[in-house]
Amino acid sequence: MKIIVEKNYEEMSKRAALEMVNIINEKPNCVLGLATGSTPEGLYKELIKLNKEGKVDFSKATTINLDEYVGLSGEHSQSYRYFMNDRLFNHINVDKSRTFVPNGLAENIELECKNYDERIAKLGGIDIQLLGIGNNGHIGFNEPADYLSMDTHLTDLAKSTIEANSRFFDNIDEVPKKAITMGLGGIMRARKILLIASGASKAEIIAKIAEGKITTQVPASILQVHHDVTIIVDEEAGALIRK
Ligand code: F6R
């Protein structure tokens, strides 16, 4: 694992944007695995800026997101499809028909999950997968459990995830309890993984995934066995890393 500590959120975002831009410039028809949440907002702003300045071109790229809440339509302001359109896709020259987010309203969720994995395979796999991290060590919505799933699947959100994400909703009862998430197989098959984290609340989990034991109770710890992982953190999130 390569760990890069940047001074603050802004520098972390810029550095992460650069990593992604390098991939897109090397391979214009690349497949970008994307994440939602607060952490990548700065990175997406930076990508928009670089796109407007002509420093990166998304016209041939394909994007595939990690997850989506079950029960929310793409028009719902808290759905991840809405988030991606609003924070990135509406502002760059990506072809929207090549941006993929699981359908949270799919009638047959099992089929939706199967099709999602088949889509990734048909695309030739993911060139770079961007990840945030939950305080409990989840990546995508692969929550701590005795067993972890490789494939895209329907999952119950952990109580701590529902609590953490309630900040985006009017009240906690409105937070969906289930989500569709790419599994650890989909994430681990990505050719390159870029995980970003910021703020003191992420310091403990970052130290755990970088230096702790590999356990299903900390799903992101599995990243230790991937051959090309870069973790970019700000000083606060990196504060408890010993090396
Ligand atoms: C989002 C996702 C989640 C978040 C994680 C951190 O698509 O898959 O794993 O990356 O919950 O969220 P923030 O960045 O809001 O702390």
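(A) Structural context of the side chain of H138. Mapped onto the elements, H138 comes out in the loop between β6 (128-131) and β7 (153-156). Judged by its relative accessible area of 11%, H138 is buried. Within the structure, the side chain of H138 is placed 3.2 Å from the side chain of T161, a separation counted as a polar contact. Dropping the residues within four chain positions of it, H138 is found in contact with G132, I133, E143, T161 and P219.

(B) Fine view of the layout of surface pockets. Taken as a whole, the largest pocket holds about 670 Å³ of empty space. Surrounding the largest pocket, 34 residues form its lining, T36, G37, S38, N165 and R167 being those nearest its centre. Mapped by element, the contributors of at least two residues to the lining of the largest pocket are α3 (80-87) and α5 (159-165). For the lining of the largest pocket, the element with the most residues is α5, which contributes 4 residues. Of the residues assigned to the lining of the largest pocket, the class counts are 11 nonpolar, 18 polar and 5 charged.

(C) Structural context of the pairing of strand β8 (residues 178-181). Pairing between strand β4 (residues 67-69) and β8: 3 bridges, direction antiparallel. Note on β8: the bridge partner recorded for Y69 is A179. Judged from the 4 bridges that link them, β7 and β8 form a sheet pairing that is antiparallel. Counted as the bridge partner of D156 is K178 from β8.

(D) Spotlight on helix α2 (residues 41-52). Its 12 residues place the ends of α2 17 Å apart at the C-alpha level, agreeing with the 16 Å of an ideal helix rising 1.5 Å per residue. In this structure, the buried side of α2 is in contact with α1 (9-26), β2 (31-34), α3, β6 and β9 (192-197). Taken from the residues just after α2, G54 is the one with a positive phi, measuring 80°.

(E) View of the environment of H76. Mapped onto the elements, H76 comes out in the loop between β4 and α3. Sequence separation between H76 and D234 is 158 residues; the distance between their C-alpha atoms is 31 Å. With near-sequence residues (within four places) excluded, H76 lies in contact with Y82 and F169.

(F) The arrangement of the packing of aromatic side chains in detail. For the structure shown, the criterion picks out 4 aromatic pairs. Look at Y69 and Y80: their rings are 4.7 Å apart centre to centre, the planes differ by 40°, and that puts the pair in the tilted class. Of the two residues, Y69 is situated in strand β4 and Y80 in helix α3; the sequence distance between them amounts to 11 residues. Y80 carries the same exposure label as Y69, and that label is buried. Pairing Y69 with F169 gives two aromatic rings, centres 5.9 Å apart and planes at 75°, and the pair type is edge-to-face. One end of the pair, Y69, is in strand β4; the other, F169, is in the loop between α5 and β8, with 100 residues separating them in the sequence. The class of F169 is buried, set by a relative accessible area of 8%. Taken together through their ring pairs, the aromatic side chains of Y69, Y80, F141 and F169 make up a single cluster.

(G) Up close: α1. Its 18 residues give α1 an end-to-end C-alpha distance of 26 Å, which sits within 8% of 26 Å, the value for a rise of 1.5 Å per residue. Buried within α1 we find M12, S13, A16, A17, E19, M20, V21, I23 and I24. Those residues of α1 hidden inside the fold are in contact with β1 (2-6), β2, α2, β6, β9 and β10 (229-234).

Definitions and cut-offs
- Residues numbered from 1 in each chain as written.
- Predicted model: local features only at pLDDT ≥ 70, side-chain atom pairs only at ≥ 80, totals over all residues.
- Heavy atoms only, no water.
- Helix = DSSP H or I, 4+ residues; strand = E, 2+ residues; numbered from the N terminus.
- Buried < 20%, exposed > 50% of the residue type's maximum accessible area, 1.4 Å probe, protein only.
- Polar contact = N/O pair within 3.5 Å; in protein donor to acceptor, adjacent residues only side chain to side chain.
- Contact = heavy atoms within 4.5 Å.
- 1 Å grid on protein atoms, 1.4 Å probe; cavity = no way out; pocket = protein on both sides within 12 Å on 5 of 7 lines; lining within 4 Å.
- Points joined across faces, edges and corners; volume = space filled by probe spheres on them.
- Nonpolar A, V, L, I, M, F, W, Y, C, P; charged D, E, K, R; others polar.
- Pairing = 2+ DSSP bridges.
- Expected span 1.5 Å × (residues − 1).
- Phe/Tyr/Trp six-rings, centres within 6.5 Å; stacked < 30°, edge-to-face > 60°.

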